[in-house]
Every structure is written in structure tokens, then in C-alpha cells.
Amino acid sequence: MDDTDSDVDKVWEKCARRLMLNSKEKLDKFQAIVLKLLRNIFSMPNDPKFRVLRFSNLTVKTAVLDVPGGMELLAGIGFVCCSSDTGEKFLSGDLVKVESIEVALSWLDNTVKTCKSFCLSDQRQCAECIVQVRLPTGNSVNGGFLRSE
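Cut-offs applied
Counting of residues starts from 1 at the beginning of each chain's written sequence and follows it residue by residue. Under the rules for a predicted model, residues below a pLDDT of 70 receive no local features and side-chain atom pairs below 80 are neither given nor counted, while totals for whole chains, interfaces and linings still include all residues. To get the side-chain values, take all heavy atoms of the structure and skip hydrogens and water. Put simply, DSSP marks the helices as runs of H or I at least four residues long and the strands as runs of E at least two long, and each gets a number from the N terminus on. Identification of polar contacts relies on pairs of N or O atoms within 3.5 Å, with a donor-acceptor requirement for protein atoms, meaning one able to donate a hydrogen and the other able to accept it, and with residues adjacent in sequence counted only if both atoms are side-chain atoms. In what follows, a contact means two residues having at least one pair of non-hydrogen atoms within 4.5 Å. Here a cavity denotes a set of grid points, spaced 1 Å apart and computed over the protein atoms alone, in which a 1.4 Å probe fits but from which it cannot get out, and a pocket denotes an open set meeting protein on both sides within 12 Å along at least five of seven lines; residues with an atom within 4 Å of a point are reported as lining. Grid points are joined across faces, edges and corners, and a volume is the space filled by probe spheres set on the points. Residue polarity follows a fixed list, in which Ala, Val, Leu, Ile, Met, Phe, Trp, Tyr, Cys and Pro are nonpolar, Asp, Glu, Lys and Arg are charged, and the others, Gly among them, are polar. Summary of the burial criterion: residues with accessible area below 20% of their type's maximum are buried, those above 50% are exposed, and those between are partly exposed, where the area comes from a 1.4 Å probe applied to protein chains only.

## Digging into the side chain of Asn-22
Then, number 1: Inspection of the secondary structure assignment puts Asn-22 in the loop between helix 1 (3–19) and helix 2 (24–43).
Then, number 2: From its side chain, Asn-22 meets the backbone oxygen of Pro-68 in a polar contact 2.8 Å long.
Then, number 3: Ignoring anything within four residues of it in the chain, the contact list for Asn-22 reads Leu-27, Val-67, Pro-68, Arg-124, Gln-125 and Cys-126.

Below you can see the structure in the form of C-alpha cells.
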């Protein structure tokens, strides 16, 4: 395994830890929207309108971008954060490879099933333990864990 494989594994692990912070209800909505977004790219890979996710799109923002693990998932697939000349923020999927979409969808399905299997209620987060670390910069990072971990 080279450094690139290790970096990719770290992205997916971070994504999984962040997804554990969501409830079953939120994960279901998240998965449905991501599935639709990625299937659009998969079925029409040369259509540029499916490769741009705007922060101004309320559905995408609330169901994917604002969900813990959402940005990590999209970054793992190949989306990159950009700004237009007018300052509008968006994610560009120009680097997203169609081949990686099937792998990502399978990973997401398995990860969401695992998260939901440990969730005690539809409204509570799936993680049994949440660790939050405050960094010297004032920012914090957090992730969900199971008791067995």
C-alpha cells in the first residue's frame, strides 16, 4: 500500500466517523440525495450541470453539505470546493471519475447500514460515543465511535 492508498483510507475513515454523528432520519435523507446526485453523474457523465453542487441550493446544502460527513464524502469522491467570479461557493465534480461512483455508493450503503444498526432511536446520533477535540486555532474536530472501539 502506498501513501495515496493510505490517504484515501483516512478520508473514508474520517467520513465514516462523521456520519456516525447523524440520526437514522438524517442518514436516510442524506443517502437518498447523494444517491440521486451521483446517479445523475453516472448516467450523464458529460453533462456539466450534474458536476456542480452549489452551496446556494437549499436541498443540497441542508441534506448533504451541512450533514456531518457530507463534505468528507464528496471530497473522497473527487469534488473540490471552488468560488465563482461573483464569489458564489460551489463544489466542482470535474475530477470525479465515473468508475469511483459505484465504489463510493457501495461504501456509503454499507457505512449507513452499519451506522443505523447501532442507532438507538430515529432522532439520536448513531455513535455510542462522541469525541471532540479543540485545536489551538480555536476550531474543533469530532467523530463518532462505538463502545467496542
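## Observations concerning the layout of surface pockets
To find leftover empty space, a probe the size of one water molecule is rolled over the atoms.
Then, number 1: Approximately 230 Å³ is the volume attributed to the largest pocket.
Then, number 2: Ile-33, Lys-36, Leu-37, Asn-40, Lys-49, Phe-50, Val-52, Leu-53, Arg-54, Asn-57, Thr-59 and Val-60 together form the lining of the largest pocket.
Then, number 3: Elements supplying a minimum of two residues to the lining of the largest pocket: helix 2, strand 1 (52–54) and helix 3 (58–65).
Then, number 4: When the residues that make up the lining of the largest pocket are grouped by side-chain class, the tally is 6 nonpolar, 3 polar and 3 charged.

## Considerations on the environment of Thr-59
Then, number 1: In this structure, Thr-59 sits in helix 3.
Then, number 2: Assessed through its relative accessible area of 43%, Thr-59 is described here as partly exposed.
Then, number 3: Here the alpha-carbon distance between Thr-59 and Ile-33, two residues 26 residues apart in the chain, equals 8.4 Å.
Then, number 4: Residues contacting Thr-59, with those up to four places away along its chain left out, are Ile-33 and Val-64.

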